[in-house]
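As a plain string of letters, each chain reads:
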Amino acid sequence: MTIELDILQSLGLAIFALILGNFLKDRFSFLRTFFIPSPVIGGLIISILVLILEKSGIAKLEFDKILQDFFMNIFFTAIGLSASFAMLKKSGSLGIKLAIAIIILLPLQNIIGVSLAKVLGINPLHGIAMGSTSMTGGIGSAISFGKIMEEMGAESNITIGVAAATFGLLAGSLVGGPTARRLISKNKLVTKGSLSKENNFDIKSLTNQKTLTKAIIIIGLAAFLGTFINKILAKTGVNFPYYVGCQFGGLIVRNIYDSLKKPLDMDNIDLVGNISLSLFLSLALINLNISAILGLAGPMLIILIAQAIFIALYTSLVTFNILGRDYDAAVMVAGHCGVGLGQTPNAMANMEAIIEEKGPADLAMFIFPIVLAIAVNFTNPIVITFFINHFS
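Since the structure is predicted, the reported quantities are computational estimates derived from the model, not experimental observations.

How each quantity is defined
- Residues numbered from 1 in each chain as written.
- Predicted model: local features only at pLDDT ≥ 70, side-chain atom pairs only at ≥ 80, totals over all residues.
- Heavy atoms only, no water.
- Helix = DSSP H or I, 4+ residues; strand = E, 2+ residues; numbered from the N terminus.
- Rg over C-alpha atoms; globule rule 2.2 N^0.38 Å.
- Buried < 20%, exposed > 50% of the residue type's maximum accessible area, 1.4 Å probe, protein only.
- Contact = heavy atoms within 4.5 Å.
- Areas by Shrake-Rupley, 256 points an atom, 1.4 Å probe, with all protein chains shown as cover.
- Lys, Arg positive; Asp, Glu negative; His and termini not counted.
- Charge placed at Lys NZ, Arg CZ, Asp CG, Glu CD.
- Polar contact = N/O pair within 3.5 Å; in protein donor to acceptor, adjacent residues only side chain to side chain.
- Core = buried A, V, L, I, M, F, W, Y, C linked by side-chain atoms within 4.5 Å.
- Axes fitted to C-alpha atoms, helices over the stretch in contact; angles between N-to-C directions.
- Parallel < 35°, antiparallel > 145°, perpendicular 65-115°, else oblique.
- Left-handed = near helix turned anticlockwise from the far one by under 90°.
- Nonpolar A, V, L, I, M, F, W, Y, C, P; charged D, E, K, R; others polar.

**Q** Would you mind going over the overall build of the protein with me for this structure?
**A** Of the regular secondary structure elements, the protein holds 18 helices and two strands. By the compact-globule yardstick of 21 Å for 392 residues, the protein fits well, its C-alpha radius of gyration being 20 Å. Its C-alpha atoms give the protein principal-axis dimensions of roughly 60 × 50 × 45 Å. Out of the 392 residues in the protein, the part that is buried amounts to 53%. Taking all contacts inside the protein whose residues are at least 6 apart in sequence as the whole, residues at least 24 apart take part in 79%. With the model as given, the accessible surface of the protein reaches about 17500 Å², and the carbon-plus-sulfur share is 66%. With 27 positive and 22 negative side-chain charges, the protein shows a spacing of 8 Å between the two charge centroids.

**Q** I'm lost on unusual backbone geometry in this one. Help?
**A** Leave glycine aside and you will find that most residues have negative phi; peptide bonds, for their part, are mostly trans. In this structure, Lys-188 is a non-glycine residue whose phi angle is positive, near 55°. Structurally, Lys-188 can be placed in the loop between helix H9 (157-187) and helix H10 (203-206). The phi dihedral of Arg-325 falls on the positive side, at around 60°, and the residue is not glycine. By the element assignment, Arg-325 lies in the loop between helix H15 (298-322) and helix H16 (327-341). You can call Arg-325 partly exposed: its relative accessible area is 41%.

**Q** Just checking my understanding: could you explain the side chain of Asn-268 for this structure?
**A** Relative to the elements of secondary structure, Asn-268 occurs in helix H13 (residues 266-286). There is a polar contact of 3.1 Å between the side chain of Asn-268 and the side chain of Thr-207. If we ignore the near neighbours within four places in the chain, the residues touching Asn-268 are Leu-206, Thr-207, Thr-211, Leu-212 and Ala-215.

**Q** In this structure, what is going on with the nonpolar core? I would like to understand it.
**A** Most often, soluble globular proteins have nonpolar side chains that are buried together. Counting residues in hydrophobic clusters, the biggest one holds 101 residues, and the most contacted among them are Met-348 and Phe-368. The leading source of residues in this core is helix H18 (residues 362-391), at 15 residues. With near-sequence residues (within four places) excluded, Phe-368 lies in contact with Leu-98, Met-332, Gly-335, His-336, Val-339, Ala-347, Met-348, Met-351 and Leu-363.

**Q** Teacher, can you tell me more about the packing of helix H11 (residues 209-234) against H13 here?
**A** How two helices pack is summed up by the angle between their axes together with the distance between the axes. Contact pair H11 / H13: the axes reach a minimum separation of 9 Å and the direction vectors enclose 70°. Here H11 lies roughly perpendicular to H13, going by the angle between them. Along this stretch, H11 crosses H13, giving a crossing that reads as right-handed. Between H11 and H13, the contacting residues are Thr-211, Leu-212, Ala-215, Ile-216, Ile-218 and Ile-219 on the first element and Asn-268, Ile-269, Leu-271 and Val-272 on the second. Taken together, the residues that form the contact of H11 with H13 break down as eight nonpolar, two polar and no charged.

All we've got here are geometric facts, nothing functional implied.
Structure below.
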């Protein structure tokens, strides 16, 4: 029996997953210690229960996915609104260094995938599907390039890529927090505080219906602008995720405000953005295809576990050192683990989880999503195409 959940029913179950995640995180210290995001905790439990229902023959649940994309786009619009060029000047060359760390990882992921695929006796193109195609690229990239590789004779490449990306969605949240925690503890790192505010205000004293409504209006108009930016980006021929236009819409609006010397209420904008992130992750995780992970063959598990171990080592030895070995660098390590195995929301959730416990990291939260959108979306398709042509 198939049960189709409508938009509100899907949202309701996602909210229940979020409540469950918060409840468990408050009661189990190891979840806080390793910075596991609450939506990941609750969402994973719900997805396992959904799998049990399906495998037992009781019911198969199908979720409405409209709100999942909606909340993701709202979150990245809010991120874009934090992108002040005036603040960027404070980062110096940090953005370039981050881009280098991100770009270097892409071919290395494919080298690991292809090398292990050959050792294990499977098609090298499947190794590429389990490299930067699905790890950094995500499900959309796995499907797009999977079609090309299937045409080259790599049977079931799309299924393999999507399963790998599904594995990465979970692993990205589980690896990032512990890796950053080890760096913070080992190096005795502390937050530099907030760079965008001169005083620390109580968020509750600033939030009311008027201020929250104004924040929602600004985010909505910035996202509206982003829809037109997406049309421009589509003409470049590069496959940009939809949220990129929304993020740049937020960036433009923020810097128009800055040029007019008008302040933005970032407390409430961040509040709306963070709520959207939590709901997006909850919606994505309750819909996680656990059966695809359980159905992975032995060689696939070996490759994917190797990718998870490698990125923990790479970000600790390369990303952390390139970015300056400070608190913001450790926060971006968590983000790099999140996106290097899962998707951009994993990265942002990883960083938010650390910030919630250890304090603000303004440079990390500003620089990472912007550099990521440019570095990955421009370079990963080129890297993947090179490896496909070489190993086809």
